[in-house]
Amino acid sequence: MPRYTGPLLTRDTATALLQARQRGDTAWRGSLDLGRREGEARLGAERWQWNGADWPYPETPRDRTIYWFDGDDWAPVSRYAGSLIKLVPSEWNVPTFEIDGIKMLPTSKESPLDDARRKVALVQPRGKVVLDTCGGLGYFAACCLDAGVARIDSFEKNESVLWLRDINPWSPDPEASGGRLQLRHGDVSQAIATLPDAAYDALLHDPPRFGIAGELYSQAFYDQLARVLRRGGRLFHYTGAPNRLTSGRDVPREVARRLEKAGFKAELALDGVLATRR
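Since the model is a prediction, treat every value here as computed from it, not as a measurement. (Residues numbered from 1 in each chain as written. Predicted model: local features only at pLDDT ≥ 70, side-chain atom pairs only at ≥ 80, totals over all residues. Heavy atoms only, no water.)

A. Representation of the sheet that holds strand β11 (residues 102–103). Pairing within the open sheet is antiparallel, and its 4 strands lie in the order β8-β9-β10-β11. The strands lining the two open edges of the sheet, one partner per strand, are β8 (78–80) and β11. Pairing between strand β10 (residues 96–99) and β11: 2 bridges, direction antiparallel. Looking across to β11, one finds that Glu98 is bridged to Lys103. Each of β8, β9 (84–88) and β10 touches helix α4 (residues 159–167); the most contacted strand, β9, lies at about 25° to it. (Pairing = 2+ DSSP bridges. Helix = DSSP H or I, 4+ residues; strand = E, 2+ residues; numbered from the N terminus. Contact = heavy atoms within 4.5 Å. Axes fitted to C-alpha atoms, helices over the stretch in contact; angles between N-to-C directions.)

B. Up close: α4. For α4, the buried fraction is high: 8 of the 9 residues fall into the buried class. Of the residues that open α4, the one with a side-chain oxygen 2.8 Å from the backbone nitrogen of Ser160 is Asn158. (Buried < 20%, exposed > 50% of the residue type's maximum accessible area, 1.4 Å probe, protein only. Polar contact = N/O pair within 3.5 Å; in protein donor to acceptor, adjacent residues only side chain to side chain.)

C. Spotlight on a negative patch on the surface. A surface patch of negative charge is lined by Glu59, Asp70, Asp72 and Asp73. With respect to the helices, strands and loops of the structure, Asp70 is situated in the loop between β6 (67–69) and β7 (74–76). (Patch = residues over 30% accessible without salt bridge, like charges linked within 9 Å, V, L, I, M, F, W, Y side chains within 5 Å. Areas by Shrake-Rupley, 256 points an atom, 1.4 Å probe, with all protein chains shown as cover. Salt bridge = Lys/Arg side-chain N within 4 Å of Asp/Glu carboxyl O. Lys, Arg positive; Asp, Glu negative; His and termini not counted. Charge placed at Lys NZ, Arg CZ, Asp CG, Glu CD.)

D. Highlighting the sheet that holds strand β4 (residues 47–50). Spatial strand order, β2-β3-β4-β5: 4 strands in an open sheet with antiparallel pairing. Bordering the open sheet on either side are β2 (27–30) and β5 (53–56), each of which pairs with just one other strand. Across the sheet, the mean angle from the axis of one strand to that of its neighbour is 30°, orientation sign disregarded. Two strands pair when backbone bridges link them, and strand β3 (residues 39–43) and β4 are joined in this way by 2 bridges, in the antiparallel orientation. Of the residues in β4, the one forming a bridge with Arg42 is Gln49.

E. Spotlight on the environment of Thr13. Along the chain, the position of Thr13 falls in helix α1 (residues 11–23). The class for Thr13 is buried, based on a relative accessible area of 16%. Along the primary structure Thr13 and Arg117 are separated by 104 residues, whereas in three dimensions their C-alpha atoms are 27 Å apart. The contact partners of Thr13, leaving out residues within four places of it in the chain, are Leu8, Trp28 and Ser31.

F. Quick look at the packing of helix α6 (residues 219–228) against helix α8 (residues 251–262). Close contact between α6 and α8 brings their axes to 9 Å; oriented N to C, the two are set at 50°. Taken together, the axis directions place α6 and α8 in an arrangement best described as oblique. The interaxial crossing formed by α6 with α8 has right-handed handedness. Side by side, α6 and α8 meet where Gln219, Tyr222, Asp223 and Ala226 of the first sit next to Val255, Arg258, Leu259, Lys261 and Ala262 of the second. (Parallel < 35°, antiparallel > 145°, perpendicular 65-115°, else oblique. Left-handed = near helix turned anticlockwise from the far one by under 90°.)

Take a look at the structure:
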């Protein structure tokens, strides 16, 4: 679908609108795009106006939910297609997303965009051609674009996540990137075999947890990453530390060993592994 340009409501913004109407205010000022910018809504008794269009007032909103106008009414930005995929607000304005209630991006200490920015800085993307294996909401891509990347090729397997990107104002728009962001709907574990040797100057690999996408942690996949990355190119691989306390597994070190076997020099960095192609 085309990118959504209507207002987005959280519990806080929807409640503020409803309270302003109850007070008899004729206008409310704040953000209706998850903190990207501020604007003014003109308030009437039955409807309110924003960006030249009229909108109905929402019902009592739920917590941890972002609402969009689906053409008929306010609806949560969520979709069920085998799994429940939901855009979730954060205290930093920049949203995360969940799959079956599992949060996919960190938000406890900083915004997921700032978290992505620190990781992207490790591969120094300015002027480079970058492969982003698991695009998600596109925050790695957004940070690469801000840092002056020459081109970033981004894969995303889940169609519902791509739908979230079309609604989320913090996700980068490929159409507005001047061709620097190439977003592909596809499974990188299969598509990588079609990519040329040494085609990329840097790689960003942010896969789902091992139990969901074990193929993206396999030796065969790491061998392919080494093949498509030029010598001296950098890779940041997000791992987190899943199951360390309950199973005793040290996933980051397991990943580092496999990357070393594939032809990288690897070290632990942030919440993952930073590797350089030998």
